[in-house]
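Analysis of the macromolecular model
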Amino acid sequence: MPNNHIRTRFAPSPTGYMHVGNLRTALYTYLMAKHDDGTFILRIEDTDQGRYVEGAVDVIYNTLRETGLLWDEGPDIGGPVGPYVQSERMGMFKQYAEQLVAEGKAYYCFCTEERLEALHAEQRAHGEMTHYDGCCRDLPREEVEKRLAAGEPYVIRQKIPREGVTGFDDMVYGHIEVNNSEMDDQILIKTDGMPTYNFANVVDDHLMGITHVIRGSEYLSSTPKYNLLYQAFGWNIPNYIHCPPVMKDAQNKLSKRNGDASYQDLVAKGYLTEAILNYICLLGWSPKGEYAEREIFSLADLVKIWTPDGISKSPAIFDPLKLRAINAEYIRRLSPEEFLAKAEPWIDSAVHTPINKKLLCANLQPRCEVLGEIPEQLDFFDSMPEYDVSLYANKKQKTTPESAKEALEALLPVLSDEALDFNDRDAVFDACKAKAEELGKKNGWLLYPLGIALSGKQRTPGGGTDLACMMGRETVLGRVKAAIEKLNG
Ligand code: GLU
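Computed from a predicted model, the values in this text were never measured in an experiment.

1. Considerations on the pairing of strand β9 (residues 239-243)
- β9 sits mainly inside the fold: 4 of its 5 residues count as buried.
- Pairing of strand β8 (residues 212-216) with β9, which is carried by 5 bridges, proceeds in the parallel orientation. Counted as the bridge partner of G216 is C243 from β9.

2. A closer look at the side chain of S403
- Along the polypeptide, S403 turns up in helix α14 (residues 401-416).
- In contact with S403, not counting residues within four places along its chain, are K398 and W445.

3. Quick notes on the packing of helix α6 (residues 197-207) against helix α7 (residues 223-233)
- The contact between α6 and α7 brings their axes to 10 Å, and the two run at 55°. It follows from the interaxial angle that α6 and α7 lie oblique. Of the two elements, α6 crosses α7, and the hand of that crossing is right-handed. Between α6 and α7, the residues in contact are Y197, N198, F199, N201, V202, D205 and H206 and Y226, L229, Y230 and F233, respectively.
- Per-class residue counts for the contact of α6 with α7 are 7 nonpolar, 3 polar and 1 charged.

4. Quick notes on the sheet that holds strand β3 (residues 106-109)
- Read from one edge of the open sheet, 3 strands run β3-β4-β7, paired in antiparallel fashion. Strands at the two margins of the open sheet, each flanked by one partner only, are β3 and β7 (187-189). Neighbour-to-neighbour, the strand axes of the sheet open up by a mean angle of 40°, direction not taken into account.
- In this structure, β3 lies alongside strand β4 (residues 155-158), joined through 4 bridges in antiparallel fashion. For A106, the partnering residue across the bridge sits in β4 and is Q158.
- Strands β3, β4 and β7 of the sheet are contacted by helix α3 (residues 94-102), whose axis makes an angle of about 105° with β3.

5. A word on the nonpolar core
- Within the largest apolar cluster, 144 residues are counted, with the highest numbers of intra-cluster contacts made by L69, F199, F339 and I347.
- Sorting elements by how many residues they give to this core places helix α1 (residues 20-34) first, with 9 residues.
- Ignoring any residue separated from it by four or fewer positions in sequence, one finds F199 in contact with F93, Y96, A97, L188, I189, L229 and F233.

6. Brief notes about the packing of aromatic side chains
- Taken as a whole and judged by the stated rule, the model has 15 aromatic pairs.
- Here the aromatic rings of F168 and Y240 are separated by 5.7 Å at their centres, their planes lie at 80°, and the arrangement is edge-to-face. One end of the pair, F168, is in strand β5 (residues 165-170); the other, Y240, is in strand β9, and 72 residues separate them in sequence. Judged on exposure class, the residue F168 and its partner Y240 are both buried.
- Aromatic rings pair up to connect Y96, F199, Y230, F233 and W235 into one cluster.
- The ring of Y132 carries the charged tip of R157 above its face, separated from the ring centre by 3.7 Å.
- Looking at K441, its charged tip hangs above the ring of W445, at a distance of 4.8 Å from the centre.

7. Let's talk about the UniProt feature "domain: Aminoacyl-tRNA synthetase class I anticodon-binding" (unreviewed entry) in the chain
- Mapped onto the present numbering, the UniProt feature "domain: Aminoacyl-tRNA synthetase class I anticodon-binding" (unreviewed entry) falls at residues 338-484.
- Within the segment residues 338-484, helix and strand shares are 58% and 0% respectively, and the terminal C-alpha atoms sit 39 Å apart.

8. Focus on the layout of surface pockets
- Estimated volume of the largest pocket: approximately 710 Å³.
- Elements with a minimum of two residues in the lining of the largest pocket: β1 (7-10), α1, α2 (56-67), α6 and β8.
- With 4 residues, α1 is the largest single contributor of residues to the lining of the largest pocket.
- Of the residues in the lining of the largest pocket, the class split is 17 nonpolar, 10 polar and 7 charged.

Reading the values: rules and limits
Residues numbered from 1 in each chain as written. Predicted model: local features only at pLDDT ≥ 70, side-chain atom pairs only at ≥ 80, totals over all residues. Heavy atoms only, no water. Buried < 20%, exposed > 50% of the residue type's maximum accessible area, 1.4 Å probe, protein only. Helix = DSSP H or I, 4+ residues; strand = E, 2+ residues; numbered from the N terminus. Pairing = 2+ DSSP bridges. Contact = heavy atoms within 4.5 Å. Axes fitted to C-alpha atoms, helices over the stretch in contact; angles between N-to-C directions. Parallel < 35°, antiparallel > 145°, perpendicular 65-115°, else oblique. Left-handed = near helix turned anticlockwise from the far one by under 90°. Nonpolar A, V, L, I, M, F, W, Y, C, P; charged D, E, K, R; others polar. Core = buried A, V, L, I, M, F, W, Y, C linked by side-chain atoms within 4.5 Å. Phe/Tyr/Trp six-rings, centres within 6.5 Å; stacked < 30°, edge-to-face > 60°. Lys NZ or Arg CZ within 6 Å of the ring centre and 35° of its normal. UniProt positions renumbered as here; feature names shortened; annotations may be inferred. 1 Å grid on protein atoms, 1.4 Å probe; cavity = no way out; pocket = protein on both sides within 12 Å on 5 of 7 lines; lining within 4 Å. Points joined across faces, edges and corners; volume = space filled by probe spheres on them.

In structure tokens form, the structure reads like this:
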């Protein structure tokens, strides 16, 4: 590994869920490396979990791939410091803890579960925080050896200095200090010989040559302990970047219960991947200088302009309206072909009869802000909904149920004309317009009722002629005739 080369890692625990805050950590971690041509590593931390979640690692892979946060080293592609799955590294840690024991910086602790429970109960009874009392901290060497030889179960604990303070510098939160007396002699190796999560995390970061640790601010309080480990080993301390929490509002974190806390939730609602990533980047980070006022950034833009000092300390409030506005902007920027490709699954979920999707999309795209809102606008295509004839009354268009009947009867022969090509929207419009002129009426007088007759709704994606061309002649004639019958009462 070359010197001064930035190496960052995203170290998710496979929960089956990519929280917006986690995806933001992944993005900042990626940007931190890529801005400097560094290496972005994916490490799966699968040992701190209560239970195995089926498919959870795939959620991580798929999300990172879809968003374009491609890793340079990771479980699937390997790399010089693998394996990249924590559970496959379990045998590597004990020797490091034993090294600390040999140097007097850690010790074997033989305290039983029962003793610790009794100790903690007593501490609680005195209103104290529960902590280890250091019972085995200074056992004579011969006793330790005897007990080890006798096969007594043990853990390895770190000897935290009793006095003094441990400080560290965070690139976002600044210098933070904690009194050593407030820290417990943390367990490094458990009775089963396996490392604790915190110990494995530190050793892994060191062995993988991580230069910048980027993670959620919930890890700030553990960082002094991490630092004491780096110091005990004499290893280089990485740069720390802790990110502010993502909140739903001033009091509550954005949680799974909100229904829009994960990348998958947002995709399921019809937000575009690029828009989600763009918005998430702005959650607690803002660009500087000439970009300060700008809101739309591609991933490549972000790589170019990234600077970690744009990260804010204060909690980031998730703003659905801003996400919506950014998504709308991304939708408007799509080419008609791209929009059709993205909208098609949503259209297909609501419409099962053949329609002119290209024309529908030309009408949808300028107004659409979130793809998930498409289906509800299309419920009239498969079958005509119930509606009341009072819908035909419209002051602006100067229509009434009576005038609508007249209009639809006048349109029937126009739309029946075999020479009229329903794939040519302008030709259909011109034919209707000519009819309106002939009758001495405004276009709206003729076409507003057509829209109602075809959809049973006042608001539709497209006016009467557009709807007619989307549906095709046969459906149109059937619906217009049915409407005239309805108006005949
Ligand atoms: N596995 C931890 C998490 O998913 C990451 C901790 C770290 O980045 O140090 O929250």
